[in-house]
Amino acid sequence: MNEQIRAREVRLVGPEGEQVGIVPLERALQLASDVDLDLVEVAPMARPPVCKLMDFGKFKYESALKAREARRNQQQTVIKEMKLRPKIDPHDYETKKGHVVRFLKAGDKVKVTIMFRGREQSRPELGYRLLRRLESEITELGYVEAAPKQDGRNMIMVLAPHRAVKASAVAATASRGGPRERAAEESGETPEAGETPEAGETAAAGETGPTADTSGQ
């Protein structure tokens, strides 16, 4: 406790932000009582400490609203995953490409994984060509953030939406009330309180999001 606090003096700020000046603590408490407000210490490390006359309950409520709005408008980076086989059927390829396009339009990144089995591992160029084909066909929506890379039996490439596409997706999501509401619209279901992601879902660190985890036959 410093000398100013022991001396029971505070720098008082009025409810509208006006500077009242340095007054004894007893006087500040009396002023708060006279106008039916709370005396709140807003800068305890200042000398003397700064206190403000305010409705503390209203202050906490407004702070909670601002925090909620900030979370709602926060841009979330979600990574979806799409798995393909190097010899995927043309129809299956088009279906999976459609999922990738939808994910990018929603502002999400996509990890595309080519899964090699058996003798396919000796022909990585098949997977490389497939990834390059996909890259060329989604170029209007996104770009390659991580180039194709062999990882054991898999080859992985990460796609990210263009800035304008992501900005458009964020604006659309905000107008619908947030990413949770968007997910409900896509699935046709209403998320319940305490709902947890299903097994097999992956997302970027600290984020959540569903994963399209299907393999080409």
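*Asks:* Teacher, can you tell me more about the pattern of salt bridges here?
*Replies:* Side chains that differ in sign of charge can pair as their charged atoms come close. Under the defined criterion, the tally for this structure stands at ten salt bridges. Among the salt bridges present, the one from E81 reaches K111, with a minimum N-O distance of 3.8 Å. Within this pair, whereas E81 is found in strand β5 (residues 79-84), its partner K111 is found in strand β6 (residues 109-115), the two being separated by 30 residues in sequence. For E81, a relative accessible area of 9% gives the class buried. Accessibility expressed as a relative area gives 28% for K111, which makes it partly exposed. For E94, the salt bridge identified is with R133, shortest N-O distance 3.8 Å. One end of the pair, E94, is in helix α4 (residues 90-105); the other, R133, is in helix α5 (residues 124-137), and 39 residues separate them in sequence. By relative accessible area, which is 37% here, R133 ends up partly exposed. One salt-bridge network, in which partners are shared between bridges, spans E94, K97, R133 and E137.

*Asks:* Please explain the layout of surface pockets as it appears in this structure.
*Replies:* Volume-wise, the second largest pocket comes out at about 160 Å³. Going through the elements one at a time, β4 (50-54) and α3 (56-73) are the ones with two or more residues in the lining of the second largest pocket. Residue contributions to the lining of the second largest pocket peak at five residues, all from α3. Partitioned by chemical class, the residues of the lining of the second largest pocket number five nonpolar, one polar and five charged.

*Asks:* Could you clarify how one ought to interpret the environment of L159 in this entry?
*Replies:* Here L159 is to be found in strand β8 (residues 154-161). Judged by its relative accessible area of 0%, L159 falls in the buried class. Along the primary structure L159 and Y143 are separated by 16 residues, whereas in three dimensions their C-alpha atoms are 5.6 Å apart. L159 has contacts with V100, L104, K109, V110, V112, L134, I138, Y143, V144 and E145, leaving out every residue within four places of it along the chain.

*Asks:* Would you mind showing me how to read the packing of aromatic side chains here?
*Replies:* For any pair of aromatic rings, geometry is given as the distance between the ring centres together with the angle between the planes. In total, this model carries one aromatic pair according to the counting rule given. Seen from their ring centres, F56 and F59 are 6.2 Å apart, and the 25° between their planes marks the pair as stacked. You can see F56 and its partner F59 sitting in helix α3, three residues apart, about one turn around the helix. A relative accessible area of 35% places F56 in the partly exposed class. Looking at F59, the relative accessible area reads 41%, which means it is partly exposed.

What counts and what doesn't
Residues numbered from 1 in each chain as written. Predicted model: local features only at pLDDT ≥ 70, side-chain atom pairs only at ≥ 80, totals over all residues. Heavy atoms only, no water. Salt bridge = Lys/Arg side-chain N within 4 Å of Asp/Glu carboxyl O. Helix = DSSP H or I, 4+ residues; strand = E, 2+ residues; numbered from the N terminus. Buried < 20%, exposed > 50% of the residue type's maximum accessible area, 1.4 Å probe, protein only. 1 Å grid on protein atoms, 1.4 Å probe; cavity = no way out; pocket = protein on both sides within 12 Å on 5 of 7 lines; lining within 4 Å. Points joined across faces, edges and corners; volume = space filled by probe spheres on them. Nonpolar A, V, L, I, M, F, W, Y, C, P; charged D, E, K, R; others polar. Contact = heavy atoms within 4.5 Å. Phe/Tyr/Trp six-rings, centres within 6.5 Å; stacked < 30°, edge-to-face > 60°.

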